[in-house]
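A look at the structure
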Amino acid sequence: MALLLCSSVSGQEDSTYTSRKKSLRKLERLQRSRRIDSVLTARYYRIPYDTHFVARPEGNLTLKVRLKQTGNTFHAKGTVNDIYSKADLSTSHKTTVSIGASYRGISASLAINPDKLRGAYKDYELNLNYYSSRISIDFSYQRSESLTGNIWGDGFLSRLQSDDVRLKIANLAGYYCFNHRRFSFPAAFNQSYIQRRSAGSWLAGFSYQGGSLKTTDALLARNPDALDTRIYVGHLGIGGGYGYNWVPGRRWLLHISMLPTFVVYNRNNMTVRGERMDAQYMQFNMIFNERAAIVHNFSPRYFAGITLVMNNSVFDDDMVVVNQNKWNTRLSFGVRL
């Protein structure tokens, strides 16, 4: 009986020790999560802005459903060794549906492309956007073989089909907002702030576009008269612009901004049938970045918005002319909890 009693007491002590250990672990995890939440809360609610013009919305968690569509058109023409060629091309539109969540400024989302799932969309595209009070960045990269359009050269017209031309292009635009205490890009584009009163700001920034456009072996095999052509573009621009947030009522926000940049460096060239021609001094060489947005707050909790981001380039000299138009539009509906 004594042995059984000792065994029972020992078992109870082990059970109590294990239970206490688990409780301490839970307490440590809880304290750690509270410290992290405290840091996020302090960062989220710090006030580097004028609260008469900009404020944080109510609630800690924001859920969103978004419908996004992107597209790209590409135009080029030039004469190399008396061989003239011209291309007017466009990619297929990419349409995605996404759901996302944001807590204390930390966001995550999941996007689905219905055309990709059924095999109708074969291109690859990556879009990244960052919006803060002072700095905003838009980046996109696209690899496409869905380009369709027309190519003219030496008196002939060729209709391009999918897989005939391969496009690789990257666009990068960065903004600095001078009146960041009263003017908010995030209020228009990710609704992490609310613009209370109308305000504008001068902008400074840069733009970069780089990539290539090349005819594929499939086109040359299908059409022996087609020109083996490769166009390369690479240019960096700096400039300034202006943005304005108009608040016509308590529940509406209308945004428009433009940042034209002058190219200070370029590496444009065109190669036709092995003959390369580098772009000379550009007569007109600019990159334009435009944004627009409309946001409506149905209540402090529910909101909807539509945004448009565009990158347009114009490059012209006596030999090579290149023009690209990239656009990205989003329709979103959200709820704050």
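Residues numbered from 1 in each chain as written. Predicted model: local features only at pLDDT ≥ 70, side-chain atom pairs only at ≥ 80, totals over all residues. Heavy atoms only, no water.

Description of the packing of aromatic side chains
One pass over the structure, following the stated rule, counts 9 aromatic pairs. Taken together, a centroid distance of 5.2 Å and an interplanar angle of 80° make the contact between Tyr-176 and Phe-178 edge-to-face. Ring geometry for Phe-185 and Phe-189: centres 6.1 Å apart, planes at 45°, overall tilted. You can see Phe-185 and its partner Phe-189 sitting in helix α3 (residues 185–189), 4 residues apart, about one turn around the helix. Assigned by exposure class, Phe-185 and Phe-189 land together as buried. Members of the aromatic cluster, connected to one another through ring pairs, are Tyr-131, Tyr-175, Phe-183, Phe-185 and Phe-189. In this structure, Arg-56 packs its charged tip against the face of Tyr-193, placed 3.9 Å from the ring centre. (Phe/Tyr/Trp six-rings, centres within 6.5 Å; stacked < 30°, edge-to-face > 60°. Helix = DSSP H or I, 4+ residues; strand = E, 2+ residues; numbered from the N terminus. Buried < 20%, exposed > 50% of the residue type's maximum accessible area, 1.4 Å probe, protein only. Lys NZ or Arg CZ within 6 Å of the ring centre and 35° of its normal.)

Digging into the pattern of salt bridges
One pass over the structure, following the stated rule, counts 4 salt bridges. Between Glu-125 and Lys-326 there is a salt bridge; the shortest N-O distance is 2.9 Å. Taken as a pair, Glu-125 in strand β6 (residues 124–131) and Lys-326 in strand β19 (residues 320–336) lie far apart in primary sequence, 201 residues in all. In terms of burial, Glu-125 and Lys-326 fall into one category: buried. Ionic pairing is found between Glu-145 and Arg-166, a salt bridge with its closest N-O pair at 2.9 Å. Of the two residues, Glu-145 sits in the loop between β7 (135–144) and β8 (148–153) while Arg-166 sits in strand β10 (residues 165–177), which places them 21 residues apart along the sequence. Assessed through its relative accessible area of 30%, Glu-145 is described here as partly exposed. (Salt bridge = Lys/Arg side-chain N within 4 Å of Asp/Glu carboxyl O.)

A closer look at the environment of Ser-201
Structurally, Ser-201 is set in strand β12 (residues 199–215). Judged by its relative accessible area of 2%, Ser-201 is buried. For Ser-201 and Asn-179, which are 22 residues apart along the polypeptide, the C-alpha to C-alpha distance reads 5.0 Å. Apart from the residues within four sequence positions on either side, Ser-201 is in contact with Cys-177, Phe-178, Asn-179, Phe-183, Gly-241, Tyr-242 and Gly-243. There is a polar contact of 3.3 Å between the side chain of Ser-201 and the backbone nitrogen of Phe-178. Polar side-chain contacts of Ser-201 include one of 2.9 Å to the backbone nitrogen of Asn-179. (Contact = heavy atoms within 4.5 Å. Polar contact = N/O pair within 3.5 Å; in protein donor to acceptor, adjacent residues only side chain to side chain.)

What to know about the side chain of Glu-125
Using a relative accessible area of 9% as the deciding quantity, one classes Glu-125 as buried. A distance of 3.0 Å separates polar atoms of two side chains, one belonging to Glu-125 and the other to Thr-70. A polar contact is formed between the side chain of Glu-125 and the side chain of Lys-326, at a distance of 2.9 Å. Setting aside anything within four residues of it in sequence, one finds Glu-125 in contact with Thr-70, Lys-94, Tyr-141, Gln-142 and Lys-326.

Observations regarding the confidence of the model for the protein chain
When pLDDT is averaged along the protein chain, the result is 80, and 81% of the positions lie at 70 or above. Helix α1 (residues 2–44) is the least confidently modelled element of the protein chain, averaging 61 in pLDDT, while strand β14 (residues 252–266) averages 91, the highest of any element. (pLDDT = per-residue confidence, 0-100.)

Brief notes about the environment of Arg-182
Assignment of secondary structure puts Arg-182 in the loop between β10 and α3. Sequence separation between Arg-182 and Val-54 is 128 residues, and the spatial gap between their C-alpha atoms is 6.1 Å. In contact with Arg-182, other than residues within four places in its own chain, are Asp-50, Phe-53, Val-54, Gln-195 and Ala-199.

What to know about unusual backbone geometry
Of note, the phi angle at Gln-191 is positive, near 60°, even though the residue is not glycine. Mapping Gln-191 onto the fold places it in the loop between α3 and β11 (194–195).

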